[in-house]
Amino acid sequence: MDSDDITPIAILMDELRSEDVQLRLNAIHSVPTIALALGPDRARDELVPFLQDSIDDEDEVLLALAEELGRNFEQYIGGKEYAHLLLAPLENLSSVEETLVRDKAAESITKIAAVLSKAQIEEYCIPLLKRLSGAEWFTSRTSSAALYPAVYDKVSPAIQDDLRKGFAALGSDDTPMVRRAAAKWLGPLLLKFSDSHILSDALPIYRRLESDDQDSVRLLTVEDLIAIAGKLKQSEIKEQLLKQIRHSIGDKSWRVRYMAATHFNELAKAVGKEITREELIGQYVQLLKDNEAEVRTAAASQIPGFSELLEKEVILLRIVPCVRDLSQDSSQHVRAALAMQISGLAPLLGRESTIEQLLPLFLQLLKDDFPEVRLNIISKLETVNNVIGIDLLSANLLPAIVELAEDKSWRVRQAIIEYIPPLAKQLGKPFFDEQLGNLCMSWLGDTVYSIREAATINLKNLTDVFGVEWSRSAIVPKVMGMGQHPNYLFRMTTVQAITIIMPSLTLDIVRSEIVESLLQLASDPIPNIRFNVAKSLEVLATAFGNTPEGKAFVRQRIIPVLEQQKNDQDADVRYFAARALQKAAAVET
């Protein structure tokens, strides 16, 4: 064997023995390249055994190795028929102390199991699974739980029987971490069980875990409950699961109740409408009134989804009173969650009930002290508008919107600005000019740059809604008037607003209403304004230079000013003027 053949693996060995963690990490990431250089035979005979023996003491390096072996690494060692050789190094990694490494190793074993044949799984994966499940250290047993779903449906019925027994043993393990892993992976595993095995095997394991003395185990069984309910008939759910559903929703630990509240809609869909209406309404109301704010927040996020499964009368009778209470909840996070979801009730209740029951709550939440509550309500108003109509919405909510337009939180002001164009579309021109026109212009003078920027984009969107003639009379004079303001920020806003609005206007408007003032600003004493004018002229040239009339305009009015700016004393102005000239010249040709 010549020295060239031995080099790649020798270099890898040296680098993996280095004291520098980064070097060892880089070496692991280069393993696929080394495998490619060695060829399949030597990769199998030399590289894989070497990786199996070289367990590093640095978790970061082990994590990288577990990840690399799961990235279709079998292609470097001769394909699927040799993929089982990768299980040995991954088995070692499944036993280490660091959870992230074990999880990644289990994930990689699952990927390898997906390409193995039934014979390979029975010959190599099942013994590995049994070794991990029966290992002395809990770390191995914890890792084993994740592997059961990957192999269960690929083996013979006799082995499946053993696997169910093996998993049941994990579910009653002495170590809480192992039981946690069993609770986490029971859901994916039982989806592969036959119906008879759900009742005979999955249910006993689930019941054992659901009554565990550790809440960290019990909270993971909520998703198992949903998976089991999805596999059972209505009569079987009533008979077998109602007690457990009540347990989870009324658990003494708030973390378990929080999980139940977070997944409540999934649970309701899994058990079906009949059981939901008979059993779950009371349980849900219980969660909405929970004494822990986190649980109420999670339950509030499920309101529209759960209400879809109920009749309108039931929503009005059972859910709306809770919503009313939550709108005055002591926790701002609960009110914020409610504000995000409450509009979803409007389509379910219809116009009359929304006006009567929900509109007062919208107004109340719009005036909430906490900015996020106000923000969430504003962002969802369109749904309400579709139900109750713009007249009522504007009569009741416009005063609140005008108030929020001057809100102390700039994010709320920004949300209002973004809501204006769709609102304007529904209000119509006359109403908008009367109620909101001045408001939209006032934002251009806001102290926060993001608001000024949003205000200019808003003006462009309004131009698209109401047309250029409206913009000519309502927007352009006011924007250009700010160009004479002694404060440079107002002059800057004029330039930026015109740059954004200009492509939506006509050449006639630009020529008669805009260009004179814009060209005057080209010699403003502030360099920032001068180079923004150059940017604006670039936009103007590209937007209107595609017609003979536009080309003549660019040639006569724009290019001379840019030529002048090209010799400006400020470097930025010279740069943007040169760039704009280039674009203007390209338009002319």
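Report on the accompanying structure. (Residues numbered from 1 in each chain as written. Predicted model: local features only at pLDDT ≥ 70, side-chain atom pairs only at ≥ 80, totals over all residues. Heavy atoms only, no water.)

1. Here's the deal with the overall build of the protein
Phase 1: Assigned secondary structure in the protein consists of 39 helices and zero strands.
Phase 2: What you see for the protein is a C-alpha radius of gyration of 34 Å, clearly larger than the 25 Å of a compact globule of 589 residues, by over 25%.
Phase 3: With respect to the principal axes defined by its C-alpha atoms, the protein has extents near 85 × 80 × 40 Å.
Phase 4: When the 589 residues of the protein are sorted by exposure, 53% land in the buried category.
Phase 5: The long-range fraction of contacts in the protein, counting pairs at least 24 apart against all pairs at least 6 apart in sequence, stands at 69%.
Phase 6: For the protein, the distance from the average position of its 64 positive side-chain charges to the average position of its 84 negative side-chain charges is 5 Å. (Helix = DSSP H or I, 4+ residues; strand = E, 2+ residues; numbered from the N terminus. Rg over C-alpha atoms; globule rule 2.2 N^0.38 Å. Buried < 20%, exposed > 50% of the residue type's maximum accessible area, 1.4 Å probe, protein only. Contact = heavy atoms within 4.5 Å. Lys, Arg positive; Asp, Glu negative; His and termini not counted. Charge placed at Lys NZ, Arg CZ, Asp CG, Glu CD.)

2. Section: the nonpolar core
Phase 1: Residues Leu 241, Ile 303 and Trp 443 are the most contacted members of the largest nonpolar core, which totals 207 residues.
Phase 2: The element contributing the most residues to this core is helix α25 (residues 346-366), with nine residues.
Phase 3: Those residues in contact with Leu 241, other than ones at most four positions away along the chain, are Leu 203, Tyr 206, Leu 225, Ile 228, Ala 229, Leu 232 and Glu 236. (Core = buried A, V, L, I, M, F, W, Y, C linked by side-chain atoms within 4.5 Å.)

3. Here's the deal with the packing of aromatic side chains
Given two aromatic rings, one states the distance between the centres and the angle between the planes to describe the pair.
Phase 1: Scanning the model with the defined rule gives nine aromatic pairs in all.
Phase 2: Judged by centre distance (5.0 Å) and plane angle (45 degrees), the rings of Tyr 152 and Phe 193 are tilted. Highlighted residues: Tyr 152 in the loop between α10 (148-151) and α11 (157-171) and Phe 193 in the loop between α12 (176-190) and α13 (195-210), separated in sequence by 41 residues. Residue Tyr 152 shares its accessibility class with Phe 193, and that shared class is buried. (Phe/Tyr/Trp six-rings, centres within 6.5 Å; stacked < 30°, edge-to-face > 60°.)

4. As for the packing of helix α35 (residues 488-501) against helix α36 (residues 507-521)
Phase 1: Orientation of α35 relative to α36, taken along the N-to-C sense of each, is 130 degrees, at an axis distance of 11 Å. On the basis of their axis angle, the class for α35 and α36 is oblique. Here α35 and α36 pass one another in a crossing that is left-handed. Of α36, the residues touching α35 (which contributes Arg 491, Thr 494, Val 495 and Ile 498) are Ile 514, Leu 518 and Leu 521.
Phase 2: Of the residues belonging to the contact of α35 with α36, the class tally is five nonpolar, one polar and one charged. (Axes fitted to C-alpha atoms, helices over the stretch in contact; angles between N-to-C directions. Parallel < 35°, antiparallel > 145°, perpendicular 65-115°, else oblique. Left-handed = near helix turned anticlockwise from the far one by under 90°. Nonpolar A, V, L, I, M, F, W, Y, C, P; charged D, E, K, R; others polar.)

5. Examining a negative patch on the surface
Phase 1: Together, Glu 58, Asp 59, Glu 60 and Glu 97 make up a region of like negative charge exposed at the surface.
Phase 2: With relative accessibility at 31%, the residue Glu 58 sits in the partly exposed group. (Patch = residues over 30% accessible without salt bridge, like charges linked within 9 Å, V, L, I, M, F, W, Y side chains within 5 Å. Areas by Shrake-Rupley, 256 points an atom, 1.4 Å probe, with all protein chains shown as cover. Salt bridge = Lys/Arg side-chain N within 4 Å of Asp/Glu carboxyl O.)

6. Comments concerning the pattern of salt bridges
Phase 1: Taken as a whole, this structure holds 36 salt bridges when the rule is applied.
Phase 2: With its nearest N and O atoms 3.5 Å apart, the salt bridge here joins Lys 104 to Glu 107. Of this pair, Lys 104 and Glu 107 both sit in helix α7 (residues 99-115), three residues apart, which is roughly one turn of that helix.
Phase 3: Residue classification places Glu 107 among the partly exposed residues on the basis of a relative accessible area of 37%.

7. Description of helix α4 (residues 40-53)
Phase 1: For α4, which comprises 14 residues, the first-to-last C-alpha distance of 19 Å matches the rise-based estimate of 20 Å (1.5 Å per residue) to within 8%.
Phase 2: Considering bend angle alone, the principal kink of α4 is centred on Leu 47 and spans about 30 degrees; proline Pro 49 follows within four residues of it. (Expected span 1.5 Å × (residues − 1). Bend = angle between axes of the 7 residues up to and from the residue.)

8. Considerations on helix α5 (residues 59-69)
Phase 1: Listing the buried residues of α5 in full gives Val 61, Leu 62, Ala 64, Leu 65, Ala 66, Glu 68 and Leu 69.
Phase 2: Lining the buried residues of α5 we find α2 (21-29), α3 (31-38), α4, α6 (87-93) and α7.

9. A few points about the packing of helix α15 (residues 221-231) against helix α19 (residues 264-271)
Phase 1: Where α15 meets α19, the closest approach of the two axes is 8 Å, and the angle between their N-to-C directions is 20 degrees. Classed by the angle they form, the pair α15 and α19 counts as roughly parallel. Helix-helix and strand crossings are classified by hand; for α15 and α19 the assignment is left-handed. Contact residues: Leu 225, Ile 226, Ala 229 and Gly 230 in α15; Glu 266, Leu 267, Ala 270 and Val 271 in α19.
Phase 2: For the contact of α15 with α19, the class distribution of residues is six nonpolar, one polar and one charged.

10. Digging into the side chain of Arg 141
Phase 1: Mapped onto the elements of the fold, Arg 141 is located in helix α9 (residues 138-145).
Phase 2: What makes Arg 141 buried here is its relative accessible area of 12%.
Phase 3: Among the polar contacts made by the side chain of Arg 141, one reaches the side chain of Asp 173 at a distance of 2.7 Å.
Phase 4: Those residues in contact with Arg 141 that lie beyond four places of it in its chain are Leu 132, Ser 133, Ala 135, Glu 136, Leu 170, Asp 173, Thr 175 and Val 178. (Polar contact = N/O pair within 3.5 Å; in protein donor to acceptor, adjacent residues only side chain to side chain.)

11. As for the environment of Leu 349
Phase 1: Summarising the element assignment, Leu 349 is placed in helix α25.
Phase 2: By relative accessible area, which is 1% here, Leu 349 ends up buried.
Phase 3: Along the chain, Leu 349 and Ser 307 lie 42 residues apart, while their C-alpha atoms are 9.8 Å from each other.
Phase 4: Among all residues touching Leu 349, those that are not within four sequence positions of it are Lys 312, Ile 315, Leu 316, Val 320, Thr 354 and Leu 358.

12. Side note on the side chain of Asp 329
Phase 1: Mapped onto the fold, Asp 329 is located in the loop between α23 (312-326) and α24 (332-341).
Phase 2: Here Asp 329 falls in the buried class, since its relative accessible area comes to 10%.

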